[in-house]
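Single-letter residue listing:
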Amino acid sequence: FPVSLQVAATAILHPRHKQMYYAPASAIVTQVMVDEGDAVQSGATLLRLTSHELATQVESLQIELAKTQGDVSEKTSRLNRGENLNPLQRDQLEFNLRELDTTLRSLQLQLSDARQREQELSIFARAAGTVATWDLKNRLLNHPVQAGQLLASTYDPDDQWRLLLSIPDHRSGLVSTALQNSAQGAVTVHFSLASHPDRVLEAFATEMAPQVTVQSSDPNSSAARVIKTEALIDDIAALPLRKDGAIARASIDCGRVPLCWLIFRDAAWAISSRIRMLW
């Protein structure tokens with residue numbers, strides 16, 4: 001009697017594409033404007049960071065620039081008034097003015113660059129979407145961050161969604177074989193979200209990760225070793241919840257097998273594994 005062969009797996013719901021926002025420099029997060037689940041528009045401010053080192057540099061450049069501008073004004077005024085300057089003094093004054101002008105331009109460029117880097121410490125949304133990062137304010141506000149550190153992410157709830165399946169390693173061969181035997185190059189995955197256990201939805205897995213992932217402190221446990229697999233959800237409108245990180249239970253359709261094999265399969269695998277260990 002042929003029966004359906006199903007492989008159970010845990011799954012996490014994720015948007016297919018995300019906008020990721022990283023710290024442009026080492027700084028302290030001084031303002032957090034959004035939190036998980038907030039809808040944001042393109043260009044909206046998400047976070048503001050402050051670099052004390054950069055702020056000190058800007059202040060120092062402003063002071064030096066103001067002093068240089070004062071020296072330029074004073075020497076220009078002396079040159080214009082004449083003040084009984086002999087030719088040598090006039091030449092020296094003109095030379096000093098040229099040096100001050102070069103210094104002034106350099107300071108202005110440095111100050112402009114420092115202010116530009118200060119502006120880059122504000123993080124703006126690159127596209128409209130929903131904030132995915134959990135507990136932003138408690139995790140980031142008034143905390144130091146390093147350059148390149150991931151700060152926040154957003155997603156478009158109307159874009160494509162996927163399931164990240166964790167298939168037990170000892171069941172992964174069934175899924176791999178089903179993928180190889182599939183004419184469409186995909187296997188059907190039925191799943192239900194933990195928040196809506198009565199709604200059964202479909203997704204389609206097309207490939208498996210090439211390596212095993214250990215997801216617990218005991219790497220020798222069979223439950224700890226899983227293969228990560230992605231399954232795409234075609235019917236986005238059917239999703240009752242579009243939340244990044246939502247938990248789901250999934251069942252992967254691996255074809256049909258004789259009922260007797262399904263009954264004695266686990267015992268056969270256990271005996272085979274034991275024999276290989278003794279050998």
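Scroll up a little and you will see the structure.
All values reported here derive from a predicted model rather than from experimental measurement. (Residues numbered from 1 in each chain as written. Predicted model: local features only at pLDDT ≥ 70, side-chain atom pairs only at ≥ 80, totals over all residues. Heavy atoms only, no water.)

**Details of the environment of aspartate 156**
Point 1. Among the structural elements, aspartate 156 can be located in the loop between strand S9 (150–155) and strand S10 (161–168).
Point 2. Separated by 117 residues in the primary sequence, aspartate 156 and alanine 39 place their C-alpha atoms 9.4 Å from one another.
Point 3. For aspartate 156, the side chain forms a polar contact with the main-chain nitrogen of aspartate 158, separated by 3.0 Å. (Helix = DSSP H or I, 4+ residues; strand = E, 2+ residues; numbered from the N terminus. Polar contact = N/O pair within 3.5 Å; in protein donor to acceptor, adjacent residues only side chain to side chain.)

**Considering unusual backbone geometry**
Point 1. Even without being a glycine, aspartate 135 presents a positive backbone phi close to 50°.
Point 2. One non-glycine residue, asparagine 142, adopts positive backbone phi at about 65°.
Point 3. With respect to the helices, strands and loops of the structure, asparagine 142 is situated in the loop between helix H3 (136–140) and strand S8 (144–145).
Point 4. The exposure class of asparagine 142 is exposed, given its relative accessible area of 56%. (Buried < 20%, exposed > 50% of the residue type's maximum accessible area, 1.4 Å probe, protein only.)

**Some points on the pattern of salt bridges**
Point 1. Taken as a whole and assessed by the stated rule, the structure comprises 8 salt bridges.
Point 2. As a salt-bridge pair, aspartate 113 and arginine 117 come within 3.2 Å of each other at their nearest N and O atoms. Linking aspartate 113 with arginine 117, this pair stays in helix H2 (residues 87–119), spanning 4 residues, or about one helical turn.
Point 3. Aspartate 158 is paired through a salt bridge with arginine 242; the nearest N and O atoms lie 2.9 Å apart. Of the two residues, aspartate 158 sits in the loop between S9 and S10 while arginine 242 sits in the loop between strand S13 (225–233) and strand S14 (247–258), which places them 84 residues apart along the sequence. (Salt bridge = Lys/Arg side-chain N within 4 Å of Asp/Glu carboxyl O.)

**Section: the sheet that holds strand S3 (residues 27–32)**
Point 1. Spatially, 4 strands are ordered S6-S5-S3-S8 in an open sheet, and the strand pairing comes out antiparallel. Here the strands that pair on one side only, and so sit at the sheet edges, are strand S6 (122–124) and S8.
Point 2. Direction of pairing for S3 relative to S8: antiparallel, over a ladder of 2 bridges. Directly across from isoleucine 28, in S8, lies its bridge partner proline 144. (Pairing = 2+ DSSP bridges.)

It is worth stressing that arrangement in space is one thing and function is another; only the former is reported here.
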